[in-house]
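# Breakdown of the fold
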Number of protein chains: 2
Amino acid sequence: MKKISDFNGVCDTDCPVARANDIIGGKWTTLIIRDLLSGKKRYSELARSLAGISPRMLAARLDMLCGAGLVAKTVYPTVPPKTEYELTDAGKRIEPVIAAMAEFGSKLR
Amino acid sequence: MKKISDFNGVCDTDCPVARANDIIGGKWTTLIIRDLLSGKKRYSELARSLAGISPRMLAARLDMLCGAGLVAKTVYPTVPPKTEYELTDAGKRIEPVIAAMAEFGSKLR
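About the cut-offs
- Residues numbered from 1 in each chain as written.
- Chains lettered and ligands numbered in written order.
- Predicted model: local features only at pLDDT ≥ 70, side-chain atom pairs only at ≥ 80, totals over all residues.
- Heavy atoms only, no water.
- Phe/Tyr/Trp six-rings, centres within 6.5 Å; stacked < 30°, edge-to-face > 60°.
- Lys NZ or Arg CZ within 6 Å of the ring centre and 35° of its normal.
- Pairing = 2+ DSSP bridges.
- Helix = DSSP H or I, 4+ residues; strand = E, 2+ residues; numbered from the N terminus.
- Contact = heavy atoms within 4.5 Å.
- Axes fitted to C-alpha atoms, helices over the stretch in contact; angles between N-to-C directions.
- Buried < 20%, exposed > 50% of the residue type's maximum accessible area, 1.4 Å probe, protein only.
- Parallel < 35°, antiparallel > 145°, perpendicular 65-115°, else oblique.
- Left-handed = near helix turned anticlockwise from the far one by under 90°.
- Nonpolar A, V, L, I, M, F, W, Y, C, P; charged D, E, K, R; others polar.
- Salt bridge = Lys/Arg side-chain N within 4 Å of Asp/Glu carboxyl O.

With an unreviewed UniProt entry as reference, chain A is termed Transcriptional regulator, source organism Oricola cellulosilytica.

If you want it as structure tokens, here you go:
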């Protein structure tokens, strides 16, 4: 089991945990990344999977993730236009966080 | 690097990622757990370390973590009374999530 001591970063105001938290700390962001880990998704697929998320929140989170270089957006010039989202290589580096959350969550009663 | 496929849980509405997210998904909760991973802390130590957190928010997050059995609270009958918080065994299982976040955050530009 990976330990915090395996990471020798200094925990001050520029703490890497805080930096990661700023990006993936929100409820919906984590679940969007979880969904994209299984591959490219259309906006409608994400909206269906994330029960309770508003269209505005989903669009805002996807824009933030794209802006952070963690998700790539592809728009296909079909009628109507088709939009797909996928994790970039940098975005795929979040996988160990999501896997560790899955492991922790599976042990919660 | 741990992969989501290492976890064979089904990702439906009772998804373990979502369950973990419900508890440790908030900004301050992650940072409180980060601080408690280095050992027992007094309320005042947490308040100082978490720049910007309101006393009410800190108390509410600590109550939630205690209610979830992830943090234990000890009140010493001194004058004034001294209160300490520490992770329970169940709480320490969050460490791999925080370590994975630290590793991801350290690579963010």
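## Some remarks on the packing of aromatic side chains
Under the defined criterion, the tally for this structure stands at zero aromatic pairs over all chains. Between Lys27 of chain A and the ring centre of Trp28 of chain A, over which it is positioned, the NZ or CZ distance is 4.5 Å.

## Some remarks on the sheet that holds strand β2 (residues 71–76) of chain B
The strands making up a sheet associate through hydrogen bonds between their backbones, and the pairing can be parallel or antiparallel. Residues and elements named next belong to chain B. What the three strands build is an open sheet, ordered β1-β3-β2; its pairing is antiparallel. Taken across any chain shown, the strands that pair with only one partner, and hence form the sheet edges, are β1 (41–42) and β2. One ladder, built from two bridges, connects β1 with strand β3 (residues 82–87); its direction is antiparallel. Residue Lys41 lies in a different strand from β3, and its bridge partner there is Tyr85. Packing of helix α2 (residues 27–36) onto the sheet brings it into contact with β1, β2 and β3, and relative to β3 it is tilted by some 95°.

## A look at helix α1 (residues 16–24) of chain B
Because the α-helix completes a turn every 3.6 residues, residues three or four places apart line up on one side. Counted residue by residue, α1 of chain B has seven buried out of nine residues, so it is predominantly covered. Considering only its buried residues, α1 of chain B is in contact with α2 (27–36) and α6 (95–106) of chain A together with α2, α4 (55–67) and α6 (95–106) of chain B.

## Digging into the packing of α2 of chain A against α1 of chain B
Running from N to C, α2 of chain A and α1 of chain B point in directions that differ by 160°, and their axes come no closer than 10 Å. One finds that α2 of chain A runs roughly antiparallel with respect to α1 of chain B. The two elements α2 of chain A and α1 of chain B cross, and the hand of that crossing is right-handed. Residue-level inspection shows Lys27, Thr30, Leu31 and Arg34 of chain A of α2 of chain A in contact with α1 of chain B, the latter providing Val17, Ala18 and Asn21 of chain B. When the residues that make up the contact of α2 of chain A with α1 of chain B are grouped by side-chain class, the tally is three nonpolar, two polar and two charged.

## Things to note about unusual backbone geometry
Put simply, Val79 of chain A and Pro80 of chain A share a cis peptide bond, and its omega is -5°. Within the secondary structure, Pro80 of chain A sits in the loop between β2 (71–76) and β3 (82–87).

## A short note on the side chain of Asn21 of chain B
Summarising the element assignment, Asn21 of chain B is placed in helix α1. The residues touching Asn21 of chain B, leaving out its near neighbours within four places in the chain, are Gly26, Lys27, Thr30, Leu31 and Met101 of chain A.

## Examining the pattern of salt bridges
Side chains carrying opposite charge are able to pair once their charged atoms draw close together. Residue and element names in this part refer to chain A. Scanning all chains against the criterion turns up twelve salt bridges over all chains. For Lys82, the salt bridge identified is with Glu84, shortest N-O distance 3.9 Å. Under the relative-accessibility criterion, Lys82 is labelled partly exposed at 26%. Take Glu84: its relative accessible area is 13%, and that puts it in the buried class.

## Things to note about helix α1 (residues 16–24) of chain A
Along α1 of chain A, the positions that sit buried rather than exposed are Pro16, Val17, Ala18, Ala20, Asn21, Ile23 and Ile24 of chain A. Those residues of α1 of chain A that are buried lie in contact with α2, α4 (55–67) and α6 of chain A together with α2 and α6 of chain B.

## A closer look at the sheet that holds strand β1 (residues 41–42) of chain A
Residues and elements named next belong to chain A. An order of β1-β3-β2 is seen for the three strands of this open sheet, with the pairing classed as antiparallel. Every other strand in the sheet has two partners, leaving β1 and β2 as the edge strands with one partner each. Examined bridge by bridge, β2 and β3 share six bridges and lie antiparallel to one another. Within the sheet, the bridge partner assigned to Tyr76 lies in β3 and is Lys82. Contacting β1, β2 and β3, α2 crosses the sheet at an angle of about 95° to β3.

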